Amino acid sequence: MRLLHLLCIAKISYFLLSGTELHAQVAMLDLSLEELLKVDVRIVTSEHRLENLQKIPISISSFSEKDLELRSVERIEDLQFLVPGLNHGQSSLGGAQVTLRGIGSENAAVGGDPGVAVYYDGIYHQFTHITNQKFFDIERVEVLRGPQGTLYGRNAIGGAINIINKRPTEEFDYRTKLTTGSYDQQQLEAMVNGTLMDGRILGRLSMLGEKRESFYENVSPLKKGESPDNADYLSSRGQIKLIFNQDVSVNIQGSVLRDKSIARAGLLKTDYPLEDIFQGFDLRTDPPTPIFTNYWRVNNAGKNPTIENSRQYSSNFEYETTIDKDSAAITADIDLGFADLSSLSGYTQYRVHSLEDFDVSDVVSWQFDKLEYSSASYSQELRLTSKPESPFEWISGLYYFVENADIEVAASNYTDVDATGGPVVFNVGPGKVETFSKAVFAQARIPIENKMNLTLGLRNTEDQKIGDEGIYAPNFGVVNPLTGGSITNQHDVKWNQWTGKVGLDYSYNDGTFLFLSASNAYKAGGINIGGIHDPYDPESLVTYEFGLKTLQFEKTLQINVSSHISTYKDVQVFQSGVAGTQMENAAAAQIKGLELELESKPIHGLQINLNASFINAEFTDYSSIDPLFAEEGLKDLSGNKLIRSPERKISLGTQYTWLRAAQKLTGRIDFAWMDEQYFRSYNLDQDKEEEFHVTNALLSWHDRKNFTADFWVKNIEDSDAVTNIALNGEVSGSLARSFMTPPRTFGMTIKYKL
């Protein structure tokens, strides 16, 4: 096989360049020809220590900054086309739903928790809006698949996503990236790094700003303002690293985001409803009589333009979204001699203002007059980690998290009138949820015989949520009979849960690693703000997993395979009601799956990536009444698919690099295919998105010194893939609004590095 590789190299070299020139270029890279053929070694910190990805007993995908750039990955939404089992769908008001192996959360608002934990530099971020933001100046992204109930704990029931930013270094460095593209995209990224005081203080400053027109066109003669899904933001991050001595260092980080981009809108891909819709009670009559109206018919809405063109819509409403984020983090690393002590302190504040058209048309009906929510969270983690020379690996720690979140919503229907002749209103809030979480954890990986290790981990988590909500909707009978104002409700709920892990791993030889594990995790319960409903319970997951990681053919072929089976209990399920939404607990579900990640460098310059996943995620015990068809009564949903869990996903990437003198040219094409998936647990046709595929291509020229020019196309097919469907409340027609991936885009990125 080695001889075959050498023959292939010789043949390609003959056509591309002389043998002398090839070896000269290899020398410039300070790599041997043999090293160039090997699959890259990926170092990760998924278990809070530097480790070779091929030698840790978990399923993990890792991408460096270079990997992401060559694959045209800019945010977590793009990662779903590369990572087995990962799904991402943007939702109303700038939020998002992220799932791994069919496990996530539908409650992206105040009172709920995500099912996939997102960390920036080890600091947990509660708000799902973070998953829609673009990466910049990052070291790598790690996606841990499966429950991480010991080392991550809180809300890592489906897995965890680690975004690791680049840290300050001593060497002066300056980089800038300028992108221009379709839809009048203009994007600038810049970074400066270096020493501020010799041997003592290092600094790094980075920023990203973008402006781009909307992917959608409002064809209504009554249109107002900009269309949704544009870009208009500026994000910056500053870091100071203090080096007290060789044993103590502190990294201080602060970041600011000011985002005026209008959030991606959900559009109605069917015609407007024909039937009359219950709009509450007319309080001007005695007794009050029910109001039934079809405001599309009353306002002569005509035909929905989205049916003919999925990027067109009609609205008389001015969409608005502003997101302000301020965060700070302090990370201290102390060498105690016998172990390393790390302290991670983080503070994040979000403020969101968003307005959206309920009816997705230019009729006068329900609309938001006000929707604002905010979140301020603080976390503190202390970790004590063993040294590399310790007899066995161990880590222990303490964790604390607190969040104060507020929401206020005012919605009005200007077609119907209340008792005073004004619009029918449905107001939520001010609502407030305080969240407290604390945990203690420990994990050890102990050699039990030659080449075999035993992993034992345990974590105890205590969660508390205190909620205070108010709701005022007199036309729906939701009014305080004593005061005539809002009905208020208070909740104070607590949960305590033990989670852990038991695993075995075995190094068969230098290139083959096997692991077997049993682990569990849980996600805290929550509070249904805005519906005067009872809190919902936590959900739990137990997963058994087997994995194989191997390097073959002199490390030119890497294959990672994992199989898993999970028992999922008290599953938190999203429901839409008369005027709003709520969460309820299903009894149980089962998830079985198989995942593959393959990377090969069969000849010099050629790289092939193949990722695939198969998952069977079904309810095993769940009955519920579909609010869209309540007259049909209780339905047995056992055997139905979990939402956002396509059975099959495949991605294939091919990359080739030509070396010529002092220049390098790289071409890459990535193809991703995703099976059909459901967005409601009832699994009706209207809840389903059909299979789709997306192809990206990139051509990168590098002068091997300072300049790089990338020419790229994303979504070559111009696919209108739906990655989320959100259901309105019944009063606004129970409309299924579809959120689509961006259309075909193309452009050029110029990079300069000093």
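The numbering scheme is per chain: residues are counted from 1 as the chain's sequence reads. Residue-level local features of this predicted model are given only where pLDDT is at least 70; pairs of side-chain atoms are given and counted only at 80 or more, and the full residue set underlies all totals for whole chains, interfaces and linings. Side-chain measures here rest on the full set of heavy atoms in the structure, leaving out hydrogens and waters.

On to the overall build of the protein chain, then. When helices and strands are tallied, the protein chain shows six helices and 44 strands. Using C-alpha atoms as the atom set, the radius of gyration is obtained and then compared with a globule rule of 2.2 Å times the number of residues to the power 0.38. Taking 754 residues into account, the globule formula puts the C-alpha radius of gyration at 27 Å, and the protein chain, at 27 Å, falls close to it. Taken along its principal axes, the extent of the C-alpha atoms in the protein chain is 95 × 55 × 55 Å. By residue count, 58% of the 754 residues in the protein chain fall in the buried class. Considering only intrachain contacts with a sequence separation of at least 6, the fraction spanning at least 24 residues in the protein chain is 67%. Within the structure as shown, the protein chain displays about 30500 Å² of accessible surface, and the carbon and sulfur contribution to it stands at 58%. In this description a helix means any DSSP run of H or I spanning at least four residues, a strand means any run of E spanning at least two, and both kinds are numbered starting from the N terminus. Three exposure classes are used, based on accessible area relative to the maximum for each residue type with a 1.4 Å probe and protein chains only: buried under 20%, partly exposed in between, and exposed over 50%. Contacts are assigned to residue pairs with any non-hydrogen atoms lying within 4.5 Å of each other. Surface accessibility follows the Shrake-Rupley procedure with a 1.4 Å probe radius. Residue values consider only the protein chains on display as shielding.

A contiguous nonpolar patch, built from Leu-178, Leu-188, Trp-658, Leu-665, Leu-699, Trp-701, Phe-707, Phe-711, Met-748 and Ile-750 and spanning about 820 Å² of accessible area, is present on the exposed surface. Contributions of two or more residues to the nonpolar patch are made by strand E40 (692-702), strand E41 (707-714) and strand E44 (745-753). Among the structural elements, Phe-711 can be located in strand E41. The class for Phe-711 is partly exposed, based on a relative accessible area of 42%. Here a patch means residues that are over 30% exposed by relative accessible area and free of salt bridges, tied together within 9 Å if like-charged and within 5 Å if nonpolar (Val, Leu, Ile, Met, Phe, Trp, Tyr). Salt bridge criterion: a side-chain nitrogen from Lys or Arg within 4 Å of a carboxyl oxygen from Asp or Glu.

Another point: the side chain of Asp-113. Structurally, the position occupied by Asp-113 is in the loop between strand E5 (96-100) and strand E6 (116-120). Counting of polar contacts relies on pairs of N or O atoms within 3.5 Å, with two restrictions inside protein: one atom must be capable of donating a hydrogen and the other of accepting it, and residues adjacent in sequence are counted only when both atoms are side-chain atoms. Within the structure, the side chain of Asp-113 is placed 2.7 Å from the side chain of Gln-126, a separation counted as a polar contact. Here the side chain of Asp-113 touches Asn-155 through a polar contact of 3.4 Å, side chain to side chain. Setting aside its immediate chain neighbours within four residues, Asp-113 contacts Ser-105, Asn-107, Gln-126, Arg-154, Asn-155, Lys-465, Lys-523, Ala-524 and Gly-525.

For two strands to be treated as a pair, DSSP must find at least two bridges joining them. Taken together, the five strands give an open sheet; going across it, the order is E3-E8-E9-E6-E7, and neighbouring strands pair in mixed fashion. Among the strands making up the open sheet, the edge pair consists of strand E3 (59-64) and strand E7 (123-125). In this sheet, neighbouring strand axes are inclined to one another by 20 degrees on average, regardless of whether the strands run parallel or antiparallel. Two strands pair when backbone bridges link them, and E6 and strand E9 (residues 159-165) are joined in this way by five bridges, in the parallel orientation. Comment: axis = line fitted to C-alpha atoms, over the contacting stretch for helices; angle = value between 0 and 180 degrees taken between N-to-C directions.

We now examine the sheet that holds strand E16 (residues 267-268). In space, the three strands of this open sheet follow the order E16-E43-E42, with antiparallel pairing throughout. Each edge of the open sheet is held by one strand with a lone partner, namely E16 and strand E42 (722-727). Taken together, the five bridges between E42 and strand E43 (residues 736-740) define a ladder with antiparallel strand orientation. Residue pairing across strands places Leu-727 opposite Ala-736, the latter belonging to E43.

Turning our attention to the environment of Thr-131. Within the element layout of this structure, Thr-131 appears in the loop between E7 and strand E8 (138-145). When the C-alpha atoms of Thr-131 and Ile-76 are compared, they prove to be 5.7 Å apart, with 55 residues separating the residues in sequence. With residues near it in sequence (within four places) discarded, Thr-131 still touches Arg-75, Ile-76, Glu-77, His-88, Ala-96, Val-98 and Val-118. Here the side chain of Thr-131 touches His-88 through a polar contact of 3.1 Å, side chain to side chain.

Time to look at the environment of Ile-625. With respect to the element layout, Ile-625 can be found in strand E34 (residues 623-625). Sequence separation between Ile-625 and Lys-635 is ten residues; the distance between their C-alpha atoms is 5.9 Å. Residues in contact with Ile-625, not counting those within four places in the same chain, are Gln-575, Ala-630, Gly-633, Leu-634 and Tyr-682.

The next subject is the pairing of strand E26 (residues 487-509). With 20 bridges joining them, strand E25 (residues 452-472) and E26 adopt antiparallel strand pairing. Counted as the bridge partner of Thr-455 is Gly-503 from E26. Sheet topology note: the E26/strand E27 (residues 512-523) ladder contains eight bridges and is antiparallel. Its bridge partner being in E27, Val-502 is matched across the sheet by Ala-518. Between E26 and E27, which pair antiparallel and follow one another directly, the connecting turn spans two residues.

A word on the pattern of salt bridges. Tallied over the entire structure, the rule returns 49 salt bridges. Two residues, Asp-67 and Arg-42, come together in a salt bridge whose shortest N-O distance is 2.5 Å. Taken as a pair, Asp-67 in helix H4 (residues 65-70) and Arg-42 in the loop between helix H3 (33-37) and strand E1 (43-44) lie far apart in primary sequence, 25 residues in all. Per residue, the accessibility class of Asp-67 equals that of Arg-42, and both read buried.

To continue, consider unusual backbone geometry. One non-glycine residue, Lys-555, lies in the positive phi region at around 65 degrees. Under the relative-accessibility criterion, Lys-555 is labelled partly exposed at 32%. Not every positive phi belongs to a glycine, and Asp-718 is a case in point at roughly 60 degrees.

The next point concerns a negative patch on the surface. A cluster of acidic side chains, namely Asp-184, Glu-213, Glu-226 and Glu-318, defines a negative patch on the protein surface. One can find Glu-318 in the loop between strand E19 (312-313) and strand E20 (320-335). As used throughout, the charge tally considers Lys and Arg to be positive and Asp and Glu to be negative, leaving His and the chain termini uncounted. The atoms used to mark charge sites are NZ of Lys, CZ of Arg, CG of Asp and CD of Glu.

On to the layout of surface pockets. Residues are called lining when one of their atoms sits within 4 Å of a cavity or pocket point, these points coming from a 1 Å grid over the protein atoms alone, where a cavity is a set in which a 1.4 Å probe fits but cannot get out and a pocket is an open set with protein on both sides within 12 Å along at least five of seven lines. Grid points are joined across faces, edges and corners, and a volume is the space filled by probe spheres set on the points. In this structure, the largest pocket occupies an estimated 1700 Å³ of space. Every residue lining the largest pocket is counted, 49 residues in all, and those nearest its centre are Ser-64, Lys-66, Asp-67, Leu-70 and Lys-664. Here the element with the most residues in the lining of the largest pocket is H4; it accounts for five residues. Tallied by class, the residues present in the lining of the largest pocket amount to twelve nonpolar, 13 polar and 24 charged. For this scheme, ten residues count as nonpolar: Ala, Val, Leu, Ile, Met, Phe, Trp, Tyr, Cys and Pro. Four count as charged, namely Asp, Glu, Lys and Arg, and the remainder, Gly too, count as polar.

Take the packing of aromatic side chains next. Note on aromatic contacts: the rings of Phe and Tyr and the six-membered ring of Trp form a pair at centre separations within 6.5 Å, being stacked when their planes are under 30 degrees apart, edge-to-face when over 60 apart, and tilted otherwise. By the definition in use, this model includes 13 aromatic pairs. Measuring from centroid to centroid gives 5.5 Å for Tyr-124 and Phe-401, while their planes differ by 75 degrees, and the two rings are edge-to-face. Of this pair, Tyr-124 sits in strand E7 while Phe-401 is found in strand E23 (residues 393-417), placing the two residues 277 residues apart along the sequence. Both residues of the pair, Tyr-124 and Phe-401, count as buried. Three or more aromatic residues joined by ring pairs make a cluster, and in this case those are Tyr-119, Tyr-124, Tyr-152 and Phe-401. The ring of Phe-215 carries the charged tip of Arg-212 above its face, separated from the ring centre by 4.0 Å. A cation sits over an aromatic face here: Arg-237 above Phe-136, 4.3 Å from the ring centre. Any Lys NZ or Arg CZ that is within 6 Å of a ring centre and within 35 degrees of that ring's normal is treated as a charge sitting over the ring.

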